[in-house]
Amino acid sequence: MSTTLDSRYDPNEAQQRWYDFWERRGYFHAEPDERQPYTIVIPPPNVTGALHMGHALNNTLQDVLIRWRRMQGFNTLWVPGTDHAGIGTQAVVERRLREQEKKTRHDLGRDGLVQRIWAWKDDYEARILNQLRRLGSSCDWQRTRFTLDPVCARAVRQTFFRMFQDALIYRGKRLVNWDTHLQTAVADDEIFHETVQGHLWTFRYPVKAAGEPAGQAGEHIRIATTRPETRLGDTAVAVHPADPRYQHLIGRTVELPLTGREIPIIADAILVDPKFGTGCVKVTPAHDPNDYQTGLRHRLPMINILNPDGTIHANGGKYAGMDRDAAREAVVADLQALGLVESVEDYETQVGHSDRSKTPIEPYLSDQWFVRMDKLAEAAMDAVRDGRVRIHPERYTKTYLDWLGEKRDWCISRQLWWGHRIPVWRQPVSHDAPAQAAALRALETQPGAAPEDSIAWQINRQGTGEIVHSSHEEPSLFADLAEGDYDILVCMLRDDAALVASLEAAGFVQDRDVLDTWFSSALWPHSTLGWPEPTPDLEYYYPTSTLVTSRDIITLWVARMVITGLYNCGDVPFRDVYIHPKILDAFGQTMSKSKGNGVDPLDIIDRYGADALRFTLTRMTTETQDVRMPVGYACPHCGTIIAQKSEHQQMKPRDGRKPRIKCPSCKKEFQFSSPNFDPDAGEPVGRVVSERFEEGRNFANKLWNAARFALLNLENYTPGPVALDQLADEERWILSRLAGTVSEVTEHLERFRFSAAANAIYDFAWSEFCDWYVEMAKLRLRDPATRGPAQRVLATVLDHLIRLLQPVMPFLAEQVWQALGAHAPERGIPIPSAPADSVMIAPWPLAPTEWRDPQVERRIARLQEVIKAIRNIRSKFSVEPKRRVTAVLRTSADIAAELRGFAPFIAQLATVSDLRVGPDEGKPADSVSAVSSDWELWVPLAGLIDRPAEIARNRKLLGSIEGQLKSFRSKLGSAEFVSKAPPDVVELHRQREADLLNQKASLQEILHELEGVPG
């Protein structure tokens, strides 16, 4: 191995070399032993596609924790895996089937489609896992799981069966989110809302007078709606009970035009706001969540007017078979013909859309499978209230508790073919119920069938979800149930061919639905460890330690994992939950490829390196706000990044044309990546990137150069003991600051303060080590008498710094670690020792308390303050970098003696030729000053600058700034601009105005000093 570092850090070479090295050494793999375990299960990415920046952030933070805890001596296990993503994966494969083969899933059949999806899964899972490797994720790849693999499938089946036995699972008719394109229920998180331009129609419903035909009295009630077609399913009109306009109508009925039905006028203070609209609300329980709850409160009929594909149901009368949009137009036209349309207004409304099909979601009443949540939710709430599960930041605890507090039953079924099929066989209760009961009991004991604890049954009242009998009762109890009102449900723990054959021979049919993806992922912390088998992994690594996830799925995933962990294992699934921020673009918009602002983390790795990506993301992860990341397109010709202008001018395709950009630097055109446009073959393509990652690359380069300096100065290094009292001030100072940084970083990581930890490392490495200590060490390293101790301090500090850095920037850390080992095979203060073979398994630094030296830190801080003041004067007045200056300081005698001892450093780091310091020093002629609480400093400018030229230059700059300020103030003073411009644009103008005001004040101060006018 080379004993030197190349002149430049090559992240791609390091990534390939060291990741293979770690895997070959088995550093990622874990087995139970006597150490304390630290376990993380990866939030499994959907197998449908590639990782995005949210995944990059999430997995970087997990890897930081795992690498850090591994160094602390924990037995660390990070379980990787992917989610089968039922609706998303099936939608993608069906779309490809339609586009490439002009076929539907029905052409292939259930088994054929599932086979196609498995092939898709194998290809894309491998791609996702490889992307995690490129990120540097130190997962235990030997334990990779998939939510549909045999291990996880067994856990899913066991959980469903136990819940079914315990009467926690039932089948009932409830209102769900319905995707009419994919024809399945969808979860709340699978919906996005868009503002849609539509209309608000106001109709009149004739009120039926008591004892008279409808409408005879001529009284009408006015109803406003954005969805006229749903009025075909109205079953009531609601008013507020205290609204004096309508109190006399409560209890009467209205004629529902076009249907021939009469519906009641009800009073409901929950649904109706008398100050909004007409104060009257149509109630359509089968097609609106709020109306559904109103229907339950008032026991209203629930009339479904939609088929699964979004066409009008037979309940819609003459509109049956029409598409919902066509039915809307027809209903409005017919009401206009009847003279019942009072007004039509343009209206913007938020409409939920399926994230997969991009089509509007319909609230839809359908038969689904549910989990009863009352007792399960309460137990999960208690786990957070009593501290068994801690959520960080703490404010997200409210989200968790509020959602569980609603105790809404969980819809766990999906009308798909890809997923865990529901293991229930159904048959309606027939006229011969006793024979059915006897046959059911016989199934449990027939030869070759599953054992009795592997079969359970329920008698379920159709539509209600009420369980009237279950398998622990005698079957004779349901012999008198009415035919057609009840279903017999038989659940099997595992498929048994003989039992299935008997069931089907008796007329039972397996339910066609599959389980919601969230059901299987809710078991992830224990299913991945082998539950329900009492495996050594489960006993040792469960409960897991930390979950890192996004706030989007606190309710849909985090809460449900707590529920199932408590239910299945009797303990919580994890001790800590860290909720990380979301990554937004510069204007607060969620990143997505369709908006043209989505950044591919692999593009960032290719351009800047994985270390730069990881460090930048870690440093951006604060506790208080989401991450804003300006984006732009990288020109493939010259590399220039063309910034996104605003949220209203995102670089996305328009009007179906090929999206193209002209680079302002090289004037060449290029296409940019987009999910809806395939780039022309052979043409260059610009990628969405962000210049924020420059800071990570710059930091890597800074560290690399400092490490090269250290290694060059470790030639002929000899290890040996080092006594602290024999070290110079600057050496005791860097050890003291290192000890403080180690403590600070450790505390920040313990509290999940990732940004603070990264900043502490950055500040120490960039400023204290690179900018100060390396420069000060040069004097000691040049002197043969002090070179040995200086080398040992240098090697020790670099050793500790690289260990601190390893969790965040592992590739660079390993490269430097290996080179350092070649130069300093033993290192450490006071007694050296041999380092670990890899920084990844090196112990987390524990700097000795005796390294801490507050007095020397105060002395060096004073020295730095003086040097910074001299540098600031040089910069403000444009003194040439190589020109040496005189520095005069007036201070107390003891501080003067201290600073005189640091004279070589002041001369070297501030380019000072003559240092005069003492209590009797005075201001020289033609000088500028700086003041501190301990000293007053003057730097004479005579002969160093062209004063008239500097005055002219600064006055010109001041004029330019005042011109810019005038322009910004003109815009901000315009009421039209402030009211009509996007809020983010207005805010940017205000920020720019504030920056210009600061620049103006600084220039005025410089001119005062140059012109000799007192400031």
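One numbering rule holds for all chains: residues counted from 1, following each sequence as written. The predicted nature of this model means local features are confined to residues of pLDDT at least 70 and side-chain atom pairs, given and counted, to a pLDDT of 80 or more, with totals for whole chains, interfaces and linings taken over all residues. Working from all heavy atoms in the structure, the side-chain values ignore hydrogens and water.

Some points on a negative patch on the surface
Quick note on the threshold: To count toward a patch, a residue needs a relative accessible area above 30% and no salt bridge. Like charges then connect within 9 Å, nonpolar side chains (Val, Leu, Ile, Met, Phe, Trp, Tyr) within 5 Å. Surface accessibility follows the Shrake-Rupley procedure with a 1.4 Å probe radius. Residue values consider only the protein chains on display as shielding. Any Lys or Arg side-chain nitrogen found within 4 Å of a carboxyl oxygen on Asp or Glu counts as a salt bridge. Positive: Lys, Arg. Negative: Asp, Glu. His and the chain ends are not part of the count. Taken as the charge location is NZ of Lys, CZ of Arg, CG of Asp or CD of Glu. Numbering of helices and strands starts at the N terminus; helices are DSSP runs of H or I of at least 4 residues and strands are runs of E of at least 2.
On the surface, Asp309, Asp323, Asp325 and Glu329 cluster together to form a negatively charged patch. Residue position: Asp309 is located in the loop between α6 (289–298) and α7 (324–337).

Quick notes on the sheet that holds strand β18 (residues 424–428)
Rules: The pairing criterion for strands is at least two bridges between them, as found by DSSP.
Read from one edge to the other, the open sheet built from five strands follows the order β20-β19-β21-β18-β22, with strand pairing classed as antiparallel. Strands with a single pairing partner mark the edges of an open sheet, and in this sheet they are β20 (467–470) and β22 (509–510). In this sheet, strand β21 (residues 486–492) lies alongside β18 in antiparallel orientation, the contact comprising five bridges. When the bridges of β21 are listed, Val424 appears paired with Cys491.

Considerations on the sheet that holds strand β33 (residues 885–891)
Strand pairing in a sheet relies on backbone hydrogen bonds, with the paired strands running either antiparallel or parallel. The following threshold applies: Think of each axis as a best-fit line through the C-alpha atoms, taken over the contacting stretch in the case of a helix, with angles from 0 to 180 degrees between the N-to-C directions. By the convention used here, residues are in contact when the closest approach between their heavy atoms is within 4.5 Å.
Spatially, four strands are ordered β34-β33-β36-β35 in an open sheet, and the strand pairing comes out mixed. Two strands in the sheet have a free side with no partner beyond their single neighbour: β34 (912–918) and β35 (927–931). Adjacent strand axes in the sheet meet at a mean angle of 20 degrees when their direction is disregarded. Sheet topology places β35 next to strand β36 (residues 935–940); five bridges connect them, and they run antiparallel. Along β36, the bridge assignment pairs Val931 with Glu936. Contacting β33, β34, β35 and β36, helix α23 (residues 854–876) crosses the sheet at an angle of about 35 degrees to β36. Running at roughly 160 degrees to β34, helix α24 (residues 893–901) makes contact with β33 and β34 of the sheet.

So, the packing of helix α18 (residues 694–712) against helix α22 (residues 810–823)
Counted only if it meets this: Each angle receives one of four descriptions, namely roughly parallel if under 35 degrees, roughly antiparallel if over 145, roughly perpendicular if within 65 to 115, and oblique otherwise. In this classification, Asp, Glu, Lys and Arg are treated as charged, Ala, Val, Leu, Ile, Met, Phe, Trp, Tyr, Cys and Pro as nonpolar, and every other residue, Gly included, as polar.
The N-to-C vectors of α18 and α22 enclose an angle of 5 degrees; their axes lie 11 Å apart at closest approach. Classified by the interaxial angle, the pair formed by α18 and α22 is roughly parallel. Taken together, the residues of α22 that come into contact with α18 (itself represented by Ala700, Leu703, Trp704, Ala707 and Leu711) are Leu812, Gln815, Val816, Ala819, Leu820 and His823. The residue makeup of the contact of α18 with α22, split by class, is nine nonpolar, two polar and no charged.

Quick look at helix α11 (residues 497–505)
Put simply, the rule reads: A simple rule labels every residue: compare its accessible area, found with a 1.4 Å probe on the protein chains alone, to the largest value its type can have, and call it buried under 20%, exposed over 50%, or partly exposed in between. Note: the arc covers the axis-to-C-beta directions of the helix.
Taken residue by residue, α11 has Leu499, Val500 and Leu503 as its buried positions. When α11 is viewed along its axis, its buried side chains cluster within an angular range of 100 degrees and face the same direction. Turned more than 90 degrees from where α11 packs its buried face, Ala497 and Ala505 sit exposed. Looking one or two residues beyond α11, the residue adopting positive phi is Gly507, at roughly 95 degrees.

Topic: the packing of helix α19 (residues 729–750) against α23
Contact geometry for α19 and α23: axes closest at 9 Å, N-to-C directions at 105 degrees. One element, α19, and the other, α23, form an angle in the roughly perpendicular class. From α19, Asp729, Glu730, Arg732, Trp733, Ser736 and Arg737 reach across to α23, where they touch Val856, Glu857, Arg859, Ile860 and Gln864.

Quick notes on unusual backbone geometry
Each neighbour pair has its own omega, and for His392 with Pro393 the value is -10 degrees, a cis peptide bond. Positionally, Pro393 belongs in the loop between β15 (390–392) and α9 (396–406). Residues other than glycine seldom take positive phi values, yet Lys102 does so here, at roughly 55 degrees. When you line up the elements, Lys102 lands in the loop between α3 (86–101) and α4 (105–135). Relative accessible area serves as the criterion here: at 69%, Lys102 is assigned to the exposed category. Positive phi is not limited to glycine here, since Lys667 has a value of about 70 degrees. By the secondary structure assignment, Lys667 is in the loop between β30 (660–662) and β31 (669–672). Since its relative accessible area comes to 54%, Lys667 is described here as exposed.

Concerning the packing of aromatic side chains
Note the cut-off: Here the aromatic set is Phe, Tyr and Trp, taking the six-membered ring for Trp, and pairing holds for ring centres within 6.5 Å; pairs whose planes are under 30 degrees apart are stacked, those over 60 apart are edge-to-face, and all others are tilted.
Throughout the structure, instances matching the rule amount to 29 aromatic pairs. Measuring from centroid to centroid gives 5.0 Å for Tyr9 and Trp704, while their planes differ by 35 degrees, and the two rings are tilted. With Tyr9 in the segment before α1 (11–25) and Trp704 in helix α18, this residue pair connects regions lying 695 residues apart in the sequence. Judged by its relative accessible area of 9%, Tyr9 falls in the buried class. Seen from their ring centres, Tyr19 and Phe28 are 5.2 Å apart, and the 55 degrees between their planes marks the pair as tilted.

Let's talk about the side chain of Thr891
The residue Thr891 is located in strand β33 in this model. Apart from the residues within four sequence positions on either side, Thr891 is in contact with Ala896, Val917, Gly918, Pro919, Asp934 and Trp935.

Overview of the side chain of His580
Which entries qualify depends on this criterion: Here a polar contact is taken to be a pair of N or O atoms separated by no more than 3.5 Å, where protein atoms must pair a possible hydrogen donor with a possible acceptor and residues adjacent in sequence count only if both atoms sit in side chains.
With respect to the secondary-structure elements, His580 resides in strand β25 (residues 574–580). The class for His580 is buried, based on a relative accessible area of 5%. At 3.2 Å, the side chain of His580 forms a polar contact with the side chain of Asn58. When near neighbours in sequence (up to four residues on either side) are disregarded, His580 contacts Gly54, Leu57, Asn58, Leu61, Val548, Thr549, Ser550 and Arg551.

Some points on the environment of Asp626
Secondary-structure assignment places Asp626 in the loop between α17 (610–620) and β27 (627–629). Overall, Asp626 belongs to the partly exposed group, its relative accessible area being 22%. A C-alpha to C-alpha distance of 13 Å links Asp626 and Pro393, two positions 233 residues apart in sequence. In this structure Asp626 touches Arg551, Pro581, Lys582 and Leu584, once residues within four positions along its chain are discounted. A polar side-chain atom of Asp626 sits 2.8 Å from a polar atom in the side chain of Arg551. Within the structure, the side chain of Asp626 is placed 3.0 Å from the backbone nitrogen of Lys582, a separation counted as a polar contact.

Considering the pairing of strand β14 (residues 361–371)
In terms of residue burial, β14 counts as a mostly covered element, since 10 of its 11 residues are buried. Sheet topology note: the strand β5 (residues 169–179)/β14 ladder contains 11 bridges and is antiparallel. The partner of Ile169 across the bridge, within β14, is Val371. In this sheet, strand β16 (residues 410–411) lies alongside β14 in antiparallel orientation, the contact comprising two bridges.

With respect to the pattern of salt bridges
Any two side chains of opposite charge can pair, given that their charged atoms come close. On inspection of all chains with the given rule, the structure shows 66 salt bridges. Among the ionic pairs, Asp511 bridges to Arg426, the shortest N-O distance being 3.1 Å. Highlighted residues: Asp511 in the loop between β22 and β23 (514–515) and Arg426 in strand β18, separated in sequence by 85 residues. For Asp511, a relative accessible area of 2% translates into the label buried. For Arg426, a relative accessible area of 25% puts it in the partly exposed group. Through salt bridges with shared partners, one network takes in Glu31, Asp140, Arg143 and Asp537.

So, to be careful, I would describe these as geometric facts and stop short of saying anything about function.
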